[in-house]
Amino acid sequence: MLSPLTIDAFLLDYHLGHALLLAFVVSLLGAAPLKSQKVIATVVMGFGAIFLMAPFTTLPAVYVLFGIGLAVVGPLLWTTADS
């Protein structure tokens with residue numbers, strides 16, 4: 001059994017940006033079997049908004065810039081989707 005101190009020591013190396021990035025990747029992998037470009041675009045736009053609304057003090061600026069990129073790419077994916 002792992003002690004709570006071991007788990008805390010492991011989690012101290014990560015921040016909110018890492019958790020959001022992991023959730024984004026898992027969401028994309030979960031939506032991939034649907035083979036719908038609009039679903040992928042919705043996931044991308046949603047996480048773009050989440051990255052932009054996240055508090056700036058809890059994650060580096062790189063993740064905010066990533067959110068801006070996702071917020072731009074998401075509507076482009078939606079527009080170019082076939083169905």
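See the structure above.
What this report covers is the structure whose coordinates are included nearby. None of these values were measured; they are calculated from a predicted model.

**Points about the packing of aromatic side chains**
Then comes step 1: Applying the stated criterion across every chain, the model contains four aromatic pairs.
Then comes step 2: Centroid distance Phe51 to Phe66: 5.3 Å. Interplanar angle 85 degrees. Geometry classified as edge-to-face. Within this pair, whereas Phe51 is found in helix α3 (residues 37–53), its partner Phe66 is found in helix α4 (residues 61–80), the two being separated by 15 residues in sequence.
Then comes step 3: Taking the relative accessible area as the measure of exposure, Phe66 reaches 31% and is therefore partly exposed.
Then comes step 4: An aromatic cluster is built from Phe24, Phe47, Phe51, Tyr63 and Phe66, whose rings are joined through pairwise contacts.

**What to know about the environment of Phe66**
Then comes step 1: A C-alpha to C-alpha distance of 20 Å links Phe66 and Ala31, two positions 35 residues apart in sequence.
Then comes step 2: For Phe66, the contacting residues outside a window of four places in its chain are Leu21, Phe24 and Phe51.

**Looking at the environment of Phe10**
Then comes step 1: Here Phe10 shows up in helix α1 (residues 4–11).
Then comes step 2: Taking the C-alpha atoms as reference points, Phe10 and Tyr63, separated by 53 residues in sequence, lie 21 Å from one another.

**Quick word on unusual backbone geometry**
Then comes step 1: Phi angles above zero are rare outside glycine, and Lys35 is one such case at about 55 degrees.
Then comes step 2: Under the relative-accessibility criterion, Lys35 is labelled exposed at 76%.

Criteria and cut-off values
Residues numbered from 1 in each chain as written. Predicted model: local features only at pLDDT ≥ 70, side-chain atom pairs only at ≥ 80, totals over all residues. Heavy atoms only, no water. Phe/Tyr/Trp six-rings, centres within 6.5 Å; stacked < 30°, edge-to-face > 60°. Helix = DSSP H or I, 4+ residues; strand = E, 2+ residues; numbered from the N terminus. Buried < 20%, exposed > 50% of the residue type's maximum accessible area, 1.4 Å probe, protein only. Contact = heavy atoms within 4.5 Å.

Just distances and angles here, no functional claims.
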